[in-house]
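Coordinate inspection notes
What follows is each chain in one-letter form.
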Amino acid sequence: MKRVQRLWLWAVAGWIFASIFANRAFVSGLINVTVLSNLIGSRCGDLSGENRSGLFRMIALRFVQTGGLALICAGRFASVGVRIVLFLIGACASATLVILTWTRGAGGLVLFLCASLPQDLFYLASWFLLIAESVEYPHSLKRPYQRRIWAIAGILCAVGIWVEFVIGAWILKNFISF
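Report follows, based on the coordinates. Residue positions are counted from 1 within each chain, in the order its sequence is given. Residues qualify for local features only when their pLDDT is at least 70, as the model is predicted, and side-chain atom pairs are given and counted only at 80 or more; totals for whole chains, interfaces and linings, by contrast, use all residues. With hydrogens and water set aside, each side-chain value is computed from the structure's full complement of heavy atoms.

Quick look at the environment of Ile161 now. The residue Ile161 is located in helix 6 (residues 146-175) in this model. Sequence separation between Ile161 and Arg62 is 99 residues; the distance between their C-alpha atoms is 7.5 Å. The contact criterion used throughout is that any non-hydrogen atoms of two residues lie within 4.5 Å. Not counting residues within four places of it along the chain, the set of residues in contact with Ile161 comprises Ile59, Arg62, Phe63 and Tyr123. Here a helix means four or more residues in a row that DSSP labels H or I, a strand means two or more in a row labelled E, and each is numbered from the N terminus.

Structure follows, in structure tokens:
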């Protein structure tokens, strides 16, 4: 389990790197924050349920992300791939938080905590199971409970999708106007 705990340093490194880079890019004017905010706003519009193609696109994206991570964890270069994925997870979360904070101030922080974090907890739990299983049994041909772990990861991903499209959309519709 200590190996898994050490891997979380990669996610923290991604978080710190992305927050420093994003803040620096926004301060210097290198990246236009309003364009990124509009992209996030259109994503939130996809969650409203009015656009069925956006809904199915997001569902497919979430399962492709989880399946891609499962393939990386089962692959030959899992140790390097897992570190890169954890770095990118931390960077994406940090960049989203920075964008929302730059465009909405303290309301952006509330938006991140209420509308983005709940489903991300389920996605992270799903991905943590896959990563922990690949790190604990790196070269073993037969991994104990592998099918159960993959089934639990799929269920957690499905619950995260439900939280994103039902609870997240309800929060966005009732409390936050884009």
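Having seen it, we continue.
Quick look at the nonpolar core now. Counting 19 residues, the largest nonpolar core has Leu7, Leu69, Cys73, Val82, Leu86, Leu130 and Ile131 as its most contacted members. Contributing elements (two or more residues each) for this core: helix 1 (2-28), helix 3 (52-74), helix 4 (78-104), helix 5 (106-136) and helix 6. Nonpolar core, defined: a set of buried Ala, Val, Leu, Ile, Met, Phe, Trp, Tyr and Cys residues in which side-chain atoms within 4.5 Å join the residues together. Classification of residues uses two cut-offs on accessible area relative to the type maximum, computed with a 1.4 Å probe and protein chains only: under 20% is buried, over 50% is exposed, and between them is partly exposed. In terms of nonpolar packing, the next biggest core, distinct from the first, is built from 6 residues, Leu100, Leu111, Phe112 and Ala115 among them.

For the rest of this paragraph, the subject is helix 4. The span you would expect from a helix comes to 1.5 Å times its residue count less one. The end-to-end C-alpha separation of helix 4 is 38 Å, in line with the 39 Å expected for 27 residues at 1.5 Å each. For helix 4, the complete set of buried residues consists of Ala78, Gly81, Val82, Val85, Leu86, Gly90, Ala91, Ser94, Leu97, Val98, Ile99 and Leu100. Just beyond helix 4, the residue with positive phi is Gly105, at close to 65°.

Salt bridge criterion: a side-chain nitrogen from Lys or Arg within 4 Å of a carboxyl oxygen from Asp or Glu. Enumeration according to the criterion identifies 1 salt bridge in this entry. With its nearest N and O atoms 3.0 Å apart, the salt bridge here joins Arg62 to Glu164. With Arg62 in helix 3 and Glu164 in helix 6, this residue pair connects regions lying 102 residues apart in the sequence. Each member of the pair, Arg62 as well as Glu164, is classed as buried.

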